[in-house]
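Fold and contact review
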Amino acid sequence: MTRLLILGSANADHVMNVEYLPCAGQTLLSQNYRLEHGGKGANQAVAVARLRNSNTRVDFICHLGNDAIGEAMANSWLSDGIESDGVSKQSDFATGTAMIFVANNGENMIGISAGANASLTPKTLEKHRQLIFDADYLLVQLENPVVTIVSALAIAKEHGVTTILNPAPATVVGKELFRLVDIITPNETEAEALTGIEVTDEDSAKFAAQMLHQFGPKTVIITLGQQGALLSCEGFSGIIPTVEVKPIDTVAAGDTFNGALMVALSEGKDMVSAVKFAHQAASLTVTREGAQRSIPYRHEIED
Ligand code: ATP
Ligand code: RIB
């Protein structure tokens, strides 16, 4: 059995649809408000659970608050078949919160309060060592303390686990993190935050990818929204286009991409095919509203 592990955040997403994204000082009337199950880690875990084959076990290491939304999220992950050993409720914290504006053109703007996500420390990670040892792949993001992410990656590398870092949201991190990463998957903004190179086209994306390789990761994938993704790895460097769709809401597009990528690689697909599979999954996500709600199932990709 293949074992896929995600370590990351869970957030209650408070989403407002607005005509366009507000600028500083502006108040906009929302056309629609909803509370969604989100958080980059949880979205990626759900993507993996829905896209994997039946011979794969999915574990998620995450801290929730001791509240109704945390309980609801934990229950919905169980129905997606995510193992609960790594999920714990923290009585002194609220579940993480995200405030999200989604504009009519599908673009979004997000503010986050970490809540229980901040309580996932290297000490609390100790009890999950075995889950990390047993994994074939570990996927992490940057919505938990960076020191915890570094610890998890270090444990993984000691045990030959393949590591994927989705460096989102854009955060300044020490370079020691990158030496523990096999595959890094920033979007354009995150690539610029990490390298100082503004990613505007294929050449600048390749330039940023070269710098990211120098930090450590052998494979760099810079996601480029509707342009697809720049893949830079041994034997390949170029843009792989995504599927053309009409975007409704791009929340969780990057998360679906990362989950799908890990699934495809764990099934033995080569990098190019894995990126194409990730595009198929993520392009479906952008045609639907919501975070976890919008993530497709394997049969939808195969159909
Ligand atoms: P988000 O933060 O909105 O979840 P992101 O900024 O992390 O996403 P993007 O680079 O915007 O990541 O998109 C990730 C992937 O999602 C793309 O590589 C592509 O596969 C898919 N995608 C995003 N937008 C579109 C689109 N308009 N049409 C088709 N596919 C898309
Ligand atoms: O990537 C999308 C996610 O980012 C949202 O679900 C929100 O919770 C933020 O973490």
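To start, this report covers the structure provided alongside it. As the structure is a prediction and not an experimental result, all values here were calculated from the model. (Residues numbered from 1 in each chain as written. Chains lettered and ligands numbered in written order. Predicted model: local features only at pLDDT ≥ 70, side-chain atom pairs only at ≥ 80, totals over all residues. Heavy atoms only, no water.)

Quick word on the sheet that holds strand 12 (residues 229–233)
In plain terms, the rule: For two strands to be treated as a pair, DSSP must find at least two bridges joining them. Each helix is a run of DSSP H or I of at least 4 residues and each strand a run of E of at least 2, with the numbering of both proceeding from the N terminus. Contact definition: two residues touch when any of their heavy atoms are within 4.5 Å. In this analysis an axis means a line fitted to C-alpha atoms, helices contributing only their contacting stretch, and an angle means the value between N-to-C directions, from 0 to 180 degrees.
Overall, mixed pairing links the nine strands, which are arranged 5-4-1-8-9-10-11-12-13 in an open sheet. Among the strands making up the open sheet, the edge pair consists of strand 5 (87–90) and strand 13 (236–240). Where strand 8 (residues 137–140) meets strand 9 (residues 162–165), four bridges bridge the pair, whose relative direction is parallel. By the bridge assignment for strand 9, Tyr137 is matched with Thr162. Against the sheet, helix 1 (residues 40–51) engages strand 1 (2–7), strand 4 (56–65) and strand 8, with an angle of about 160° to strand 4.

Details of the site of ligand 1
Let me state the cut-off plainly: Working definition: residue near molecule or strand if any one of its non-hydrogen atoms lies within 4 Å of it. Polar contact is defined as a pair of N or O atoms within 3.5 Å, subject to the rule that within protein one atom must be able to donate a hydrogen and the other to accept it, and that residues adjacent in sequence are counted only when both atoms are side-chain atoms. Any residue that is not Ala, Val, Leu, Ile, Met, Phe, Trp, Tyr, Cys, Pro, Asp, Glu, Lys or Arg is counted as polar, Gly included; the first ten are nonpolar and the last four charged.
In the region of ligand 1, 20 residues are neighbours, and Asn187, Thr223, Gly225, Thr250 and His279 sit closest. Contact distances for ligand 1 include 3.0 Å between an oxygen atom and a backbone N or O atom of Gly228. With respect to ligand 1, the backbone of Gly254 contributes an N or O atom lying 3.0 Å from an oxygen atom. Tallied by class, the residues present in the shell around ligand 1 amount to nine nonpolar, eleven polar and no charged.

What about the site of ligand 2?
How we decide: Where accessible areas are quoted, they stem from the Shrake-Rupley method and a 1.4 Å probe; at the residue level, only the protein chains shown are allowed to cover.
Lining the immediate environment of ligand 2, one finds 13 residues, of which Asp13, Gly39, Lys40, Glu143 and Asp255 sit closest. Within the backbone of Gly39, a nitrogen or oxygen atom sits 2.9 Å from an oxygen atom of ligand 2. Between Lys40 and ligand 2, the recorded distance is 2.8 Å, taken from a side-chain N or O atom to an oxygen atom. Look at ligand 2: alone it shows 280 Å² of surface, and the protein chains cover 96% of it. Where the shell around ligand 2 is concerned, the elements lending two or more residues are strand 2 (11–18), helix 1 and strand 7 (108–113). When its residues are assigned to classes, the shell around ligand 2 shows five nonpolar, four polar and four charged.

Considering the pairing of strand 4
To keep it simple, the criterion reads: Only protein chains enter the calculation, and the probe is 1.4 Å; a residue is then buried if its accessible area is under 20% of its type maximum, exposed if over 50%, and partly exposed in between. Here is how to tell: hold the view so the strands point away, follow the path from the first strand over the helix to the second, and if it runs clockwise the crossover is right-handed.
Across the ten residues of strand 4, ten count as buried, placing the element largely inside the fold. Going residue by residue along strand 4, you find Thr56, Val58, Phe60, Cys62 and Leu64 tucked away on one face and Arg57, Asp59, Ile61, His63 and Gly65 tucked away on the opposite face as well. Relative to strand 4, strand 1 runs parallel, the two sharing six bridges. The partner of Thr2 across the bridge, within strand 4, is Thr56. Relative to strand 5, strand 4 runs parallel, the two being bridged by four bridges. Residue pairing in the sheet places Cys62 in a bridge with Val87 of strand 5. Of the crossover connections in this fold, the one passing from strand 4 over helix 2 (residues 68–79) to the parallel strand 5 is right-handed.

Digging into the nonpolar core
Applied cut-off: To form a nonpolar core, buried Ala, Val, Leu, Ile, Met, Phe, Trp, Tyr and Cys residues must be joined to one another through side-chain atoms within 4.5 Å.
The biggest cluster of nonpolar side chains holds 46 residues, and the ones touching the most others in it are Ile6, Phe60, Trp77, Ile221, Leu261, Met262 and Val275. Contributing elements (two or more residues each) for this core: strand 1, helix 1, strand 4, helix 2, strand 8, strand 12, helix 8 (253–266) and helix 9 (271–285). Leaving out residues up to four positions away in the same chain, Leu261 has contacts with Ile183, Thr185, Ile221, Ala274, Val275 and Ala278. Core analysis: the next-biggest nonpolar cluster, separate from the first, contains 38 residues, Leu165, Leu177, Ala208 and Leu224 among them.

Quick notes on unusual backbone geometry
Residues Ala168 and Pro169 are joined by a peptide bond in cis, for which omega reads 0°. A positive phi angle, near 80°, is found at Ala252, a position not held by glycine. The topology assignment puts Ala252 in the loop between strand 13 and helix 8.

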